[in-house]
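Structural features, examined
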Amino acid sequence: MNILGINGYHGDSSAALIIDGKLVAALEEERVRRVKHWAGFPSESIKWCLEEASVNVSELDYITVSHNPRSRIHKKVTLVLSKRFRPKFILKRLTQYFKIGNIKNTLASELSVDADSIKAKVVNVEHHRAHMASSFFVSPYSEAAVASIDGFGDFVSTMVGVGRDNELEVFNTVEFPHSLGIFYTALTQFLGFSSYGDEYKVMGLSAYGKPKYLDEMREIIKPTRNGLFKLDSSFFLHESGGVDMTWFNERPVINRLYSEKLVDLLGSPRGEGEKMSARFRDIGCSVQALYEEVFSHILTHLYERTGLTNLALSGGCIQNSLANGKIYDKTPFESVYIPPTAHDGGTSIGSAFYLWNSKLGNKRGFVMDSPFWGPRFTVDFIRKLLDEKGIEYSVLKEAELIEKVAGDVASGRVVGWFQGRSEWGPRALGNRSILADPRREDMRDVLNLRIKKRESFRPFAPSVLAECISEWFERSEPVPFMEKVYSVRPGKRDLIPAVVHVDGSGRLQTVSKEFNSKYYKLITEFNKITGVPIILNTSFNENEPIVNNPKEALDCFKRTKMDVLVIEDFYITSALDATLQLTGIASKVHLITLNREITGDSIMIGKVGNSDNVEIHSNTKTLEVFGETFVSGIKVEESGSEKNLDVQGVFIEIGWVPNPPKVKFESGEILLDKGGAIKINEHCETSIPGLYAAGDVSSVPERQIIVAAGQGCIASLGVFKYLSTKKFN
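What counts, and where the lines are drawn
- Residues numbered from 1 in each chain as written.
- Predicted model: local features only at pLDDT ≥ 70, side-chain atom pairs only at ≥ 80, totals over all residues.
- Heavy atoms only, no water.
- Helix = DSSP H or I, 4+ residues; strand = E, 2+ residues; numbered from the N terminus.
- Contact = heavy atoms within 4.5 Å.
- Areas by Shrake-Rupley, 256 points an atom, 1.4 Å probe, with all protein chains shown as cover.
- Pairing = 2+ DSSP bridges.
- Axes fitted to C-alpha atoms, helices over the stretch in contact; angles between N-to-C directions.
- pLDDT = per-residue confidence, 0-100.
- Core = buried A, V, L, I, M, F, W, Y, C linked by side-chain atoms within 4.5 Å.
- Buried < 20%, exposed > 50% of the residue type's maximum accessible area, 1.4 Å probe, protein only.
- Phe/Tyr/Trp six-rings, centres within 6.5 Å; stacked < 30°, edge-to-face > 60°.
- Parallel < 35°, antiparallel > 145°, perpendicular 65-115°, else oblique.
- Nonpolar A, V, L, I, M, F, W, Y, C, P; charged D, E, K, R; others polar.
- Salt bridge = Lys/Arg side-chain N within 4 Å of Asp/Glu carboxyl O.
- Polar contact = N/O pair within 3.5 Å; in protein donor to acceptor, adjacent residues only side chain to side chain.

With that out of the way, let us pick up the overall build of the chain. Counting its regular elements, the chain contains 20 helices and 35 strands. Sequence separation of 24 or more characterises 72% of the internal contacts of the chain that already satisfy a separation of 6 or more. Here the chain displays about 28,300 Å² of accessible surface, and carbon together with sulfur accounts for 48% of that area.

With mixed pairing, the five strands of this open sheet are ordered in space as 3-2-1-4-5. At either end of the open sheet lies a strand with only one pairing partner, and these are strand 3 (22–28) and strand 5 (121–124). Adjacent strand axes in the sheet meet at a mean angle of 20° when their direction is disregarded. Inspection of the sheet shows strand 2 (residues 14–19) paired to strand 3 by six bridges, in the antiparallel sense.

Take the confidence of the model for the chain next. On average, residues of the chain carry a pLDDT of 79, and 74% of them reach 70 or more. Across residues 575–729, where pLDDT falls below 50, the model places 364 contacts with residues more than four positions away in sequence or in other chains.

On to the nonpolar core. Ranked by internal contacts, the top residues of the largest apolar core, which has 123 residues, are Phe-183, Met-217, Ile-283 and Leu-313. Per element, the largest residue contribution to this core is ten residues, and it comes from helix 11 (residues 278–306). Excluding residues within four positions of it along the chain, Leu-313 makes contact with Ser-135, Ala-147, Phe-295, Leu-299, Ile-318, Ile-327, Val-336, Tyr-337, Ile-338 and Pro-339. Of all hydrophobic cores here, the second largest spans 37 residues; its members include Leu-23, Ala-26, Met-159 and Phe-481.

A few words now on the packing of aromatic side chains. Inspection of the entire model under this criterion finds 15 aromatic pairs. With centroids separated by 5.4 Å and ring planes inclined at 25°, the aromatic side chains of Phe-155 and Phe-176 adopt a geometry described as stacked. Of this pair, Phe-155 sits in the loop between strand 6 (143–153) and strand 7 (156–164) while Phe-176 sits in the loop between strand 8 (167–175) and helix 7 (180–190), and the two are 21 residues apart along the sequence. Across the pair, exposure class does not vary: Phe-155 and Phe-176 are buried alike.

Next up on the list: helix 2 (residues 43–53). Taken residue by residue, helix 2 has Ser-43, Ser-45, Ile-46, Trp-48, Cys-49 and Leu-50 as its buried positions. Its buried side turned inward, helix 2 meets strand 1 (2–7), strand 2, strand 3, helix 1 (29–33) and helix 5 (103–111). Positive backbone phi, approximately 55°, marks Ser-54, located one or two places after helix 2.

With that out of the way, let us pick up the pairing of strand 7. Strand 7 sits mainly inside the fold: eight of its nine residues count as buried. Inspection of the sheet shows strand 6 paired to strand 7 by eight bridges, in the antiparallel sense. Among the inter-strand pairings, Ala-147 is bridged to a residue of strand 7, identified as Val-160. If you look at the hairpin formed by strand 6 and strand 7, you'll find two residues sitting between the two strands, and Asp-154 has a positive phi there, around 55°. In the sheet, strand 7 pairs with strand 8 via eight bridges, with the strands oriented antiparallel. Counterpart to Val-156 in the pairing with strand 8 is Glu-175. Remark: two residues form the turn of the hairpin made by strand 7 and strand 8, two consecutive strands paired antiparallel; Asp-165 in that turn has positive phi of roughly 55°.

Running from amino to carboxyl end, helix 6 (residues 127–136) crosses helix 14 (residues 347–359) at an angle of 90°, the nearest separation of the two axes being 7 Å. As the angle between them shows, helix 6 and helix 14 are arranged roughly perpendicular. Residue-level contacts link His-127, Arg-129, Ala-130, His-131, Ala-133 and Ser-134 of helix 6 to Thr-347, Gly-350, Ser-351 and Tyr-354 of helix 14. A class-by-class count of the residues in the contact of helix 6 with helix 14 yields three nonpolar, six polar and one charged.

Moving on, we get to the pattern of salt bridges. Evaluated as defined, the whole model comprises 29 salt bridges. Of the charged contacts in the structure, one is a salt bridge between Glu-143 and Arg-164, with a shortest N-O distance of 2.7 Å. One end of the pair, Glu-143, is in strand 6; the other, Arg-164, is in strand 7, and 21 residues separate them in sequence. When the shortest N-O distance is used, the salt bridge between Lys-551 and Asp-555 registers 2.9 Å. A residue pair is termed a helical-turn pair when its members lie 3 or 4 positions apart in one helix, as Lys-551 and Asp-555 do in helix 20 (residues 550–559) at four residues. Given a relative accessible area of 40%, Lys-551 falls into the partly exposed group. For Asp-555, a relative accessible area of 26% puts it in the partly exposed group. One connected set of salt bridges, linked through shared partners, spans Arg-34, Glu-542, Glu-544, Glu-552 and Arg-559.

The subject of this paragraph is the pairing of strand 16 (residues 415–418). Regular strands place their side chains on alternate faces of the sheet. Neither face of strand 16 is left uncovered, since the one carrying Val-415 and Trp-417 and the one carrying Gly-416 and Phe-418 both have all their residues buried. Direction of pairing for strand 16 relative to strand 22 (residues 564–567): parallel, over a ladder of four bridges. Its bridge partner lying in strand 22, Trp-417 is registered against Val-566.

Attention shifts here to the environment of Ser-463. With respect to the helices, strands and loops of the structure, Ser-463 is situated in strand 18 (residues 461–465). What makes Ser-463 buried here is its relative accessible area of 0%. Taking the C-alpha atoms as reference points, Ser-463 and Pro-533, 70 residues apart in sequence, are found 8.4 Å from one another. Every residue in contact with Ser-463, bar those within four places of it in the chain, is listed here: Gln-509, Val-511, Tyr-519, Ile-523, Pro-533, Ile-534, Ile-535 and Asn-537. Among the polar contacts listed, one links the side chain of Ser-463 to the side chain of Gln-509, at a separation of 2.8 Å.

With respect to topology, nine strands assemble into an open sheet ordered 15-23-22-16-17-21-18-20-19, the strand pairing being mixed. Looking at strand neighbours, the two that pair on one side only are strand 15 (394–395) and strand 19 (484–487), the edges of this open sheet. By the bridge criterion, four bridges tie strand 22 to strand 23 (residues 570–573) in an arrangement that is antiparallel. By the bridge assignment, Leu-565 is partnered in strand 23 with Ile-572. Across the sheet, helix 15 (residues 379–388) lies against strand 15, strand 22 and strand 23, angled at about 25° from strand 23, the strand it touches most. Packed onto the sheet, helix 16 (residues 398–410) meets strand 16, strand 17 (432–436), strand 22 and strand 23 and runs at close to 145° relative to strand 16.

Right, let's get into helix 6. Because each turn of an α-helix spans 3.6 residues, side chains separated by three or four positions end up pointing in the same direction. Within helix 6, nine of the ten residues are buried, leaving the element largely enclosed by the surrounding structure. For helix 6, the set of buried residues is His-127, His-128, Ala-130, His-131, Met-132, Ala-133, Ser-134, Ser-135 and Phe-136. Contact partners of the buried residues in helix 6: strand 6, strand 7, strand 8, strand 13 (310–314), strand 14 (335–337) and helix 14.

Along the polypeptide, Ser-348 turns up in helix 14. Given the relative accessible area of 0%, Ser-348 is considered buried. Among the polar contacts made by the side chain of Ser-348, one reaches the main-chain carbonyl oxygen of Gly-345 at a distance of 3.2 Å. When residues no more than four places from it in sequence are discounted, the contact partners of Ser-348 are Gly-5, Ile-6, Asn-7, Ser-14, Ala-15, Ala-16, Thr-64 and Trp-424.

The structure is reproduced here in C-alpha cells:
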C-alpha cells in the first residue's frame, strides 16, 4: 500500500511516502525551493518522493493531509461571528481551507496529469493528531505518554494523551486563543526577531541574561490545575481581530502578535538593528524560564495521569532543545523520543502513519532511528558536475579520506561535508554539515562572522561519539537528532570552547557507528589525533536552507570562506589556499590566517594567484579584528628601482577574499620606506595579475595598508616586496 503524506499551505511544507508501513522518502519543500520555512503546496517534494520510490501518482492508495478544516468547525464559526475579524483575515482563512480541500486537483495540475488518473482517497488528519503520530508511531515504544505542543493547528495549540501499540488516546487539548507557542513567538518578535522561525535565537540569547522579568511573564501565561495553561489574551492581538499570516507559495510571514499592553508591562520593544542591551537579554532569559516552567508542568501532570516512564513529543515548541534537555531533571520520565522533524514539517509523516496504524489498524513495524530520508547523488553525477565546472579534485579511498579530513579539522581548517542522503528536519546531522575544530576558542567567531553570517550569541553543536557522552556531558542519554541541550562537564569545557555556550551547555548530537558509519569514523580519527571525541557540527548553508544537492554545496563553498569541500569521496580544496612558510628574518610575527595560528620569525605568503610571492616583516605591534590579534607595524622593504607606492586609504587583498571584513584599528602606524611596483588606479585595480584592491578604508591612518592573503585569511597589516612568481595549484 502506498500512502503519500502532505503538510501543505502551512509553514515548513513537506511530503513523505510510506510503502506498506515503511517510510521510504521524506523531504521539506524549502530544500528544493531554497526559501526558509517555505509555505504552500509541496509539489517539488511530492515529485521527488514519487521518483525516489519509482511510484506513479496513479499507484497511490491514499493521500493524507495534516490539517482538517472541518475539525472544531462550530467553534471556528462561533469565534468569527463573535469577533470583529478583518475581512482580509477571514478571506485568507477561507482560501486556505478551500485549497486544503482541493488537494487532488492541485496535485494533478502540478504533475500535469488528469485528475481522474489519481485514484487515491484523500484523508484529512487533525493537525495535532498528525503531530502525535509523527512521534509515537515511529518511536521504539509500544506504550508511551504523548504530547504535541505548537502554535496553532486546527484551532488547537496543545494535545496530550497516551499511545498504546497502534492506537492514540487523547486526554485533553488547549484550544484557541491559548498557546504556549504564540507566547514564545510574540516575545520573539518583541525582542526584535521578526522572521518566521526565529524562536531559536531567543533560546541562544537566554543564556546571556537573568530571569529578572519572570514575575511579569507569569502575568501573561498561567498553569492550570488540569496540567495545561491559560494565556492572558489581552497581551496579544490574535484573539481580538486575527493576525495576518502568509502561507501561499513563499516564505511564511506572521505579523505582529503582541499588543500595547505587553509594551506597558515590559517597556519598549527592541527596534531593528538596536543593540541587544541587558534589558533585552534579561527578557529573553525570562521568556525561556517561563516556557520551561509551563512545559515541565504539562509533562509532570501527564506522567502523573499515565504512570508511564516513556514520553513521545512533537510540535513546533519541541524544537526548544534547551527545555528538552531538562526533561530528565525536571520530570519523572526516564526515556524521551523526539523525531528529527518535530515541527510542522513532520506532520506529513505523521498523517500517513496515523492513517496506516490508527485508522487502518495495521500493526506497527517501523522505527525512525535515522534522519536520512532525503536525496542522494551518484558518483557519476558528482564527477560530471565538477568536470563541467572545471573544479580540480581528488577521489580518495574512504580510509585515506577520513584520515585527511580529520587532519584538516585538527589543523583548524573549516570543512564542508556532503554525504549520502540528506537529513529530514532542520538539523545537519553529519550528511550536510560544516565541520570544524571545537578546541579553537576563536572558531565560533570564525564561523559566525565569516561563513554563517549570523549573530555572535548563537552557539554551535558538538557531535560526540556515543560511547563518550558521559565522559564529556553531565547526562548519558543518547541525543541522535540534536534535539536536547546538556551541560558539559566543568572539567571539559576549556577543552572544547567553540561548542560550549556561555552557560556551560552544548546542543549535542551523539553519533554511533550504526547511526552514521562514515561520520563516526571521522570523529574517531579526529579523536586519535587530538584526544577529543567531538567535532563542531553546523548546518551546511549560509542564511539559506541547508544545501540539498552538490551544486548548492559547491556554490556555498565558493562564496564562503571554507577551506575544504568533501562530496562523497571527492576532495576539493579552496582555489586560494595560500601556503605559509617561515623565513629566517629576525622579527617575531603572530598571525592568524587560513583559520590557523602560526608563530615564527617572519611569514612568507606563497602561491598568490599569478602574482609574486610576498614577504612580510613585523615589529610585533598588534591589531584587534573581531577579537583576534593580527600583526601590525609592517615596513616595506627595498625593491630595486621601482617607484614608491602610495597606499593611503586602500584595502589590499592578495588573491580572492570575498566580502572583506571591516577592520577596527586599535593602535599602531605603518612606517613606509620604499614601496613595491604596484600601481593602483581610481578603479582600485592593480598592475599585478591575481592581485586587486577593494573597499574604501578612508578612516585608516595615513600611510597604512592592510594585506589579506588567500581565502580564509582575515587581515594582516602589512606591505610587501616581490620575490619570485609561482602559480597556484
